[in-house]
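So you can see what is in the structure, the chains are spelled out below.
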Amino acid sequence: MKHLYKIDDPLEIKLIVLHALSQAGRPLSKTQLTDLVLSSAEINYFDLQGAIDFLLDVKEIYTYKSMEEIYVYDLTQEGHASAQHFAMRIPLEIRDYIAEGLAGMFEAERQKRELSVSVLPVSFHTFCAKCELRDNDIPLLELTFFAGDRQHAEQVCETFQADHARIYRDIVALLTH
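Residues numbered from 1 in each chain as written. Predicted model: local features only at pLDDT ≥ 70, side-chain atom pairs only at ≥ 80, totals over all residues. Heavy atoms only, no water.

Student: Just checking my understanding: could you explain the overall build of the protein for this structure?
Tutor: Along the backbone of the protein there are 6 helices and 8 strands. Taken over C-alpha atoms, the radius of gyration comes to 22 Å for the protein, far larger than the 16 Å a tight globule of 177 residues would show. A principal-axis box enclosing the C-alpha atoms of the protein has dimensions of 60 × 35 × 30 Å. Looking at the protein as a whole, 36% of its 177 residues qualify as buried. In the protein, the share of contacts with a sequence separation of at least 24, taken over all contacts with a separation of at least 6, comes to 52%. Entry remark: accessible area of the protein is about 11100 Å², with carbon and sulfur atoms responsible for 56%. (Helix = DSSP H or I, 4+ residues; strand = E, 2+ residues; numbered from the N terminus. Rg over C-alpha atoms; globule rule 2.2 N^0.38 Å. Buried < 20%, exposed > 50% of the residue type's maximum accessible area, 1.4 Å probe, protein only. Contact = heavy atoms within 4.5 Å. Areas by Shrake-Rupley, 256 points an atom, 1.4 Å probe, with all protein chains shown as cover.)

Student: Just checking my understanding: could you explain the pairing of strand S7 (residues 126-135) for this structure?
Tutor: For a regular strand, side chains alternate in direction, first toward one face of the sheet and then toward the other. Sheet topology places strand S6 (residues 115-123) next to S7; 8 bridges connect them, and they run antiparallel. Across the sheet, Val-119 pairs through a bridge with Ala-129, a residue of S7. Where S6 hands over to S7, the hairpin turn is made up of 2 residues, counted between the paired strands. Strand direction decides the pairing type here: S7 and strand S8 (residues 138-148), joined by 9 bridges, are antiparallel. Its bridge partner lying in S8, Leu-133 is registered against Leu-141. Between the antiparallel neighbours S7 and S8 lie 2 residues, among them Asn-136 with a positive phi of about 50 degrees. (Pairing = 2+ DSSP bridges.)

Student: When you look at the sheet that holds strand S4 (residues 61-65) in this model, what are you seeing that I'm missing?
Tutor: Each strand in a sheet pairs with its neighbour through backbone hydrogen bonds, running either in the same direction (parallel) or in the opposite one (antiparallel). Taken together, 3 strands build an open sheet; the order of strands is S2-S5-S4 and the sheet is antiparallel. A strand with exactly one partner marks an edge of an open sheet, and here the two such strands are strand S2 (28-29) and S4. Here S4 runs beside strand S5 (residues 71-75); their pairing, made up of 5 bridges, is antiparallel. Bridge assignment links Tyr-62 to a residue of S5, and that residue is Asp-74. Seen against the sheet, helix H3 (residues 45-57) touches S4 and S5 and runs at an angle of roughly 95 degrees to S4. (Axes fitted to C-alpha atoms, helices over the stretch in contact; angles between N-to-C directions.)

Student: What is the right way to look at unusual backbone geometry in this model?
Tutor: With the exception of glycine, the majority of residues adopt a negative phi angle, and the majority of peptide bonds are in the trans configuration. With a phi close to 60 degrees, Lys-59 is a non-glycine residue in the positive phi region. Within the secondary structure, Lys-59 is located in the loop between H3 and S4. The phi dihedral of Glu-69 falls on the positive side, at around 65 degrees, and the residue is not glycine. When you line up the elements, Glu-69 lands in the loop between S4 and S5. Glu-69 sits in the exposed class, given a relative accessible area of 53%.

Student: How should I be thinking about the pattern of salt bridges in this particular structure?
Tutor: Opposite charge on two side chains permits them to pair, given that their charged atoms come into close proximity. Inspection of the entire model under this criterion finds 10 salt bridges. As a salt-bridge pair, Arg-166 and Asp-170 come within 3.0 Å of each other at their nearest N and O atoms. With Arg-166 and Asp-170 both in helix H6 (residues 150-175), this residue pair falls 4 residues apart, about one helical turn. The class of Asp-170 is partly exposed, set by a relative accessible area of 30%. Linked through salt bridges whose partners overlap, the residues forming this network are Asp-163, Arg-166, Arg-169 and Asp-170. (Salt bridge = Lys/Arg side-chain N within 4 Å of Asp/Glu carboxyl O.)

Student: What is the right way to read H3 from this model?
Tutor: End to end, H3 covers 18 Å across 13 residues, agreeing with the expected 18 Å (1.5 Å per residue, within 8%). Regarding H3, the residues found buried are Leu-48, Gln-49, Ala-51, Ile-52 and Leu-55. All buried residues of H3 fall inside an arc of 155 degrees around its axis, so they share one side. Facing away from the buried side of H3, by more than 90 degrees, are the exposed residues Phe-46 and Asp-57. The secondary structure elements touched by the buried residues of H3 are helix H1 (10-24), helix H2 (30-40), strand S3 (42-43), S4 and S5. The N-terminus of H3 is capped by Asn-44, whose side-chain oxygen sits 2.7 Å from the backbone nitrogen of Phe-46. Positive phi appears at Lys-59, one or two residues downstream of H3, with a value of about 60 degrees. (Expected span 1.5 Å × (residues − 1). Arc of directions from axis to C-beta. Polar contact = N/O pair within 3.5 Å; in protein donor to acceptor, adjacent residues only side chain to side chain.)

In C-alpha coordinates, the structure reads:
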(Lines give C-alpha, C1' and ligand atoms only; values in the text may rest on other atoms or scores of the structure.)
Protein backbone atom coordinates (compact mmCIF):
# COMPACT_ATOMS: atom_id res chain seq x y z
CA MET A 1 0.00 0.00 0.00
CA LYS A 2 1.42 3.37 -1.02
CA HIS A 3 0.96 6.12 1.54
CA LEU A 4 1.18 9.84 1.04
CA TYR A 5 2.69 10.24 4.49
CA LYS A 6 6.06 9.08 5.72
CA ILE A 7 6.07 9.69 9.45
CA ASP A 8 9.38 9.78 11.28
CA ASP A 9 8.63 12.45 13.89
CA PRO A 10 8.46 10.65 17.27
CA LEU A 11 5.72 13.00 18.53
CA GLU A 12 3.51 12.32 15.50
CA ILE A 13 3.95 8.57 15.90
CA LYS A 14 2.94 8.81 19.58
CA LEU A 15 -0.14 10.82 18.64
CA ILE A 16 -1.10 8.26 15.99
CA VAL A 17 -0.84 5.46 18.59
CA LEU A 18 -3.02 7.43 21.03
CA HIS A 19 -5.52 8.20 18.26
CA ALA A 20 -5.71 4.55 17.19
CA LEU A 21 -6.43 3.38 20.74
CA SER A 22 -8.94 6.18 21.25
CA GLN A 23 -10.82 5.36 18.06
CA ALA A 24 -10.83 1.64 18.86
CA GLY A 25 -12.74 2.35 22.05
CA ARG A 26 -11.41 -0.87 23.54
CA PRO A 27 -8.04 -2.46 24.22
CA LEU A 28 -5.97 -3.72 21.29
CA SER A 29 -3.36 -6.45 21.25
CA LYS A 30 0.20 -5.56 20.30
CA THR A 31 -0.31 -7.20 16.91
CA GLN A 32 -3.57 -5.33 16.28
CA LEU A 33 -2.10 -1.97 17.33
CA THR A 34 1.09 -2.49 15.35
CA ASP A 35 -0.71 -3.63 12.18
CA LEU A 36 -3.19 -0.78 12.42
CA VAL A 37 -0.58 1.95 12.88
CA LEU A 38 1.86 0.59 10.31
CA SER A 39 -0.93 0.35 7.73
CA SER A 40 -2.02 3.95 8.33
CA ALA A 41 1.23 5.60 7.17
CA GLU A 42 4.80 4.76 6.29
CA ILE A 43 6.27 4.37 9.78
CA ASN A 44 9.40 2.50 10.82
CA TYR A 45 8.57 -0.51 13.01
CA PHE A 46 11.29 0.33 15.54
CA ASP A 47 10.18 3.95 15.76
CA LEU A 48 6.65 2.69 16.50
CA GLN A 49 7.89 0.34 19.23
CA GLY A 50 9.89 3.22 20.73
CA ALA A 51 6.75 5.38 20.77
CA ILE A 52 4.73 2.61 22.46
CA ASP A 53 7.47 2.13 25.08
CA PHE A 54 7.57 5.88 25.72
CA LEU A 55 3.79 6.09 26.10
CA LEU A 56 3.92 3.20 28.58
CA ASP A 57 6.71 4.93 30.55
CA VAL A 58 4.82 8.23 30.82
CA LYS A 59 1.58 6.39 31.63
CA GLU A 60 -0.41 7.60 28.63
CA ILE A 61 -1.16 3.93 27.86
CA TYR A 62 -0.97 0.75 29.90
CA THR A 63 -0.90 -2.96 29.22
CA TYR A 64 -2.48 -5.93 30.94
CA LYS A 65 -3.33 -9.57 30.31
CA SER A 66 -6.86 -9.98 28.95
CA MET A 67 -9.31 -12.78 29.69
CA GLU A 68 -8.11 -14.40 26.45
CA GLU A 69 -4.61 -14.58 28.03
CA ILE A 70 -3.06 -12.05 25.64
CA TYR A 71 -1.49 -8.73 26.52
CA VAL A 72 -3.46 -5.71 25.35
CA TYR A 73 -2.90 -1.96 25.31
CA ASP A 74 -5.40 0.64 26.46
CA LEU A 75 -5.44 4.37 27.17
CA THR A 76 -5.12 5.86 30.63
CA GLN A 77 -7.25 8.92 31.43
CA GLU A 78 -4.26 11.10 30.56
CA GLY A 79 -3.80 9.25 27.28
CA HIS A 80 -7.46 9.64 26.41
CA ALA A 81 -7.28 13.38 27.11
CA SER A 82 -4.15 13.71 24.96
CA ALA A 83 -5.73 11.74 22.13
CA GLN A 84 -8.79 14.01 22.15
CA HIS A 85 -6.76 17.20 22.42
CA PHE A 86 -4.30 16.41 19.61
CA ALA A 87 -6.51 14.41 17.21
CA MET A 88 -6.63 17.21 14.63
CA ARG A 89 -2.81 17.27 14.40
CA ILE A 90 -2.97 13.90 12.67
CA PRO A 91 -3.51 14.22 8.91
CA LEU A 92 -7.01 13.33 7.74
CA GLU A 93 -5.76 10.54 5.46
CA ILE A 94 -4.11 8.80 8.41
CA ARG A 95 -7.22 9.19 10.56
CA ASP A 96 -9.26 7.70 7.70
CA TYR A 97 -6.87 4.76 7.33
CA ILE A 98 -7.16 4.10 11.06
CA ALA A 99 -10.98 4.26 10.94
CA GLU A 100 -11.11 1.91 7.94
CA GLY A 101 -8.59 -0.45 9.52
CA LEU A 102 -10.58 -0.63 12.75
CA ALA A 103 -13.83 -1.23 10.88
CA GLY A 104 -12.25 -4.11 8.95
CA MET A 105 -10.66 -5.56 12.09
CA PHE A 106 -13.89 -5.44 14.08
CA GLU A 107 -15.91 -6.94 11.20
CA ALA A 108 -13.45 -9.83 10.86
CA GLU A 109 -13.67 -10.49 14.61
CA ARG A 110 -17.47 -10.41 14.48
CA GLN A 111 -17.56 -12.86 11.58
CA LYS A 112 -15.16 -15.17 13.39
CA ARG A 113 -17.48 -15.20 16.42
CA GLU A 114 -20.58 -15.93 14.30
CA LEU A 115 -19.57 -19.47 13.39
CA SER A 116 -17.57 -21.53 15.83
CA VAL A 117 -16.74 -25.24 15.80
CA SER A 118 -14.44 -27.28 17.98
CA VAL A 119 -13.64 -30.87 18.79
CA LEU A 120 -13.77 -31.54 22.52
CA PRO A 121 -12.55 -34.65 24.33
CA VAL A 122 -15.15 -36.51 26.39
CA SER A 123 -12.80 -39.20 27.64
CA PHE A 124 -9.50 -40.72 26.51
CA HIS A 125 -10.64 -41.91 23.05
CA THR A 126 -14.07 -40.30 22.68
CA PHE A 127 -14.92 -36.85 21.38
CA CYS A 128 -17.81 -34.51 20.75
CA ALA A 129 -18.27 -31.71 18.26
CA LYS A 130 -19.33 -28.32 19.59
CA CYS A 131 -21.00 -26.12 16.97
CA GLU A 132 -22.21 -22.57 17.55
CA LEU A 133 -23.98 -20.11 15.29
CA ARG A 134 -24.47 -16.47 16.29
CA ASP A 135 -25.94 -13.37 14.74
CA ASN A 136 -24.41 -10.13 16.06
CA ASP A 137 -23.30 -12.01 19.17
CA ILE A 138 -26.81 -13.36 19.81
CA PRO A 139 -26.71 -17.16 20.04
CA LEU A 140 -28.92 -18.75 17.39
CA LEU A 141 -27.78 -22.34 17.82
CA GLU A 142 -25.47 -24.08 20.26
CA LEU A 143 -25.09 -27.79 19.62
CA THR A 144 -22.84 -30.32 21.32
CA PHE A 145 -22.88 -33.57 19.40
CA PHE A 146 -21.34 -36.79 20.75
CA ALA A 147 -19.40 -38.17 17.80
CA GLY A 148 -17.47 -41.09 19.24
CA ASP A 149 -13.99 -40.84 17.79
CA ARG A 150 -12.01 -37.75 16.77
CA GLN A 151 -12.46 -38.41 13.04
CA HIS A 152 -16.26 -38.30 13.29
CA ALA A 153 -16.18 -35.21 15.50
CA GLU A 154 -13.98 -33.43 12.92
CA GLN A 155 -16.35 -34.52 10.15
CA VAL A 156 -19.34 -33.06 12.06
CA CYS A 157 -17.44 -29.78 12.49
CA GLU A 158 -16.52 -29.61 8.80
CA THR A 159 -20.09 -30.36 7.72
CA PHE A 160 -21.48 -27.71 10.07
CA GLN A 161 -19.00 -25.11 8.79
CA ALA A 162 -19.78 -25.90 5.16
CA ASP A 163 -23.58 -25.99 5.46
CA HIS A 164 -24.53 -24.19 8.69
CA ALA A 165 -27.37 -22.19 7.12
CA ARG A 166 -29.23 -25.29 5.90
CA ILE A 167 -28.59 -27.16 9.14
CA TYR A 168 -29.97 -24.25 11.17
CA ARG A 169 -33.01 -23.89 8.89
CA ASP A 170 -33.75 -27.64 9.09
CA ILE A 171 -33.44 -27.76 12.88
CA VAL A 172 -35.75 -24.77 13.24
CA ALA A 173 -38.26 -26.38 10.88
CA LEU A 174 -38.18 -29.67 12.82
CA LEU A 175 -38.60 -27.95 16.19
CA THR A 176 -41.42 -25.62 15.13
CA HIS A 177 -43.74 -28.19 13.51
